[in-house]
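# Secondary and tertiary structure notes
Letter by letter, the chains look like this.
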Amino acid sequence: MATFTYSAPKTVEEAVRALSSANGAARVLSGGTDLLVQLRTGRTKPAVIVDVKRIPGLIGVRAEGDGFVIGAATPCAVIGEHPELKTVWPGVVEAARLIGSTQVQGRATLAGNLCNASPAADSVPALIAARATCVLAGPGGQREVPVEAIATGPGTTSLAPGELVVEFRLPGRPPRSADAYLRFIPRTEMDIAVVGAAVNVALDASGTCREARIVLGAVAPTAILVPEAAAALVGSRLDGDALRRLDAATRRACTPIDDKRGTVEFRTRVAGVLARRAAGLAFQRAGGSQ
Ligand SMILES: Cc1cc2nc3c(=O)[nH]c(=O)nc-3n(C[C@H](O)[C@H](O)[C@H](O)COP(=O)(O)OP(=O)(O)OC[C@H]3O[C@@H](n4cnc5c(N)ncnc54)[C@H](O)[C@@H]3O)c2cc1C
């Protein structure tokens, strides 16, 4: 393994300084479940590693207003054990809880999942469907951006040199709304999504969908929002016609790779199936009857 300087700052400002000092050759270390594998295989050779877990506030979940703030270095195990978060954002929590094993969950974070920029990252579709934002800190100060603005392609992000994710913000929810995330993997666990689908819906008092957001993972270079699929749900009570239109719109949006884990045709077909099933789950959780 190549040599590097290890830094464990106690403030966000120090972390930004350490990241900025390396002329683009610095990497943030959160849980390390992606980064350590990449270091060992030589896929990445940073000059500086900035461990952000000692910065107060970067680990933990707190309610703020009617929403939640999740520190960037919070392990998924902590997210999965937060009772209010599980009740309000069950889809986000179930996506985070799908990452790896119990051991991996003790370290892996949402920020690492997002900034590793794998198209198959499990938490990302659910965060985008939830309209989550992330707060970034960098040499120019702080900015808040939607989660979908971060990954720009496999392994690449829009983060500027010296920038890091400090926290995620999840909005509050209206009554009769819920989310769900489902993925397909060839094995029963510890595998990477061949397709992932996140659905977030809000229903009116009659159980009719008044708002929806649908996001697919692993079928394009980044997680993708599919507004046409969401439009198929709006105004419906998830009847057969809405599900058919949802399935068709979902399939049209897919531009997957073809590899040993799934052909283009298979991934495209499964995306439609998972989007329908995730929509059913989200409707059910929101109190809709089908
Ligand atoms: C056995 C195993 C099973 C896995 N299973 C799954 C799975 O089922 N689903 C899945 O989606 N992933 C899976 N992964 C991948 C990995 O666990 C996740 O992507 C995890 O969420 C990464 O988080 P981390 O905190 O460990 O990231 P790290 O390894 O610490 O970082 C990953 C990348 O993000 C950058 N980064 C981290 N934090 C920040 C920050 N705050 N700001 C800016 N950049 C940052 C790092 O510099 C690095 O480039 C698995 C990994 C292993 C080893």
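Before reading further, recall that the structure is shown in the block above.
Rules and cut-offs
- Residues numbered from 1 in each chain as written.
- Predicted model: local features only at pLDDT ≥ 70, side-chain atom pairs only at ≥ 80, totals over all residues.
- Heavy atoms only, no water.
- 1 Å grid on protein atoms, 1.4 Å probe; cavity = no way out; pocket = protein on both sides within 12 Å on 5 of 7 lines; lining within 4 Å.
- Points joined across faces, edges and corners; volume = space filled by probe spheres on them.
- Helix = DSSP H or I, 4+ residues; strand = E, 2+ residues; numbered from the N terminus.
- Nonpolar A, V, L, I, M, F, W, Y, C, P; charged D, E, K, R; others polar.
- Contact = heavy atoms within 4.5 Å.
- Near = heavy atom within 4 Å.
- Polar contact = N/O pair within 3.5 Å; in protein donor to acceptor, adjacent residues only side chain to side chain.
- Areas by Shrake-Rupley, 256 points an atom, 1.4 Å probe, with all protein chains shown as cover.

### Here's the deal with the layout of surface pockets
- In this model, the second largest pocket occupies a volume close to 160 Å³.
- What lines the second largest pocket is a set of 15 residues, among which Arg131, Arg173, Pro174, Asn200 and Glu211 lie closest to the centre.
- Elements supplying a minimum of two residues to the lining of the second largest pocket: β12 (195-203) and β13 (209-217).
- Top element by residues in the lining of the second largest pocket is β13. It accounts for four residues.
- The residue makeup of the lining of the second largest pocket, split by class, is seven nonpolar, three polar and five charged.

### Regarding the environment of Val28
- For Val28, the location among the structural elements is in strand β2 (residues 26-29).
- Residues Val28 and Val50 lie 22 residues apart in sequence; the distance between their C-alpha atoms is 4.8 Å.
- Residues contacting Val28, with those up to four places away along its chain left out, are Leu19, Leu35, Val50, Val52 and Leu164.

### Topic: the site of the ligand
- Not every one of the 30 residues close to the ligand is listed here, only the nearest: Arg27, Val28, Thr33, Asp34 and Thr109.
- At 2.7 Å, a backbone N or O of Leu35 approaches an oxygen atom of the ligand.
- Within the backbone of Val165, a nitrogen or oxygen atom sits 2.9 Å from a nitrogen atom of the ligand.
- Contact with the protein chains hides 88% of the accessible area of the ligand, taken as 990 Å² for the molecule alone.

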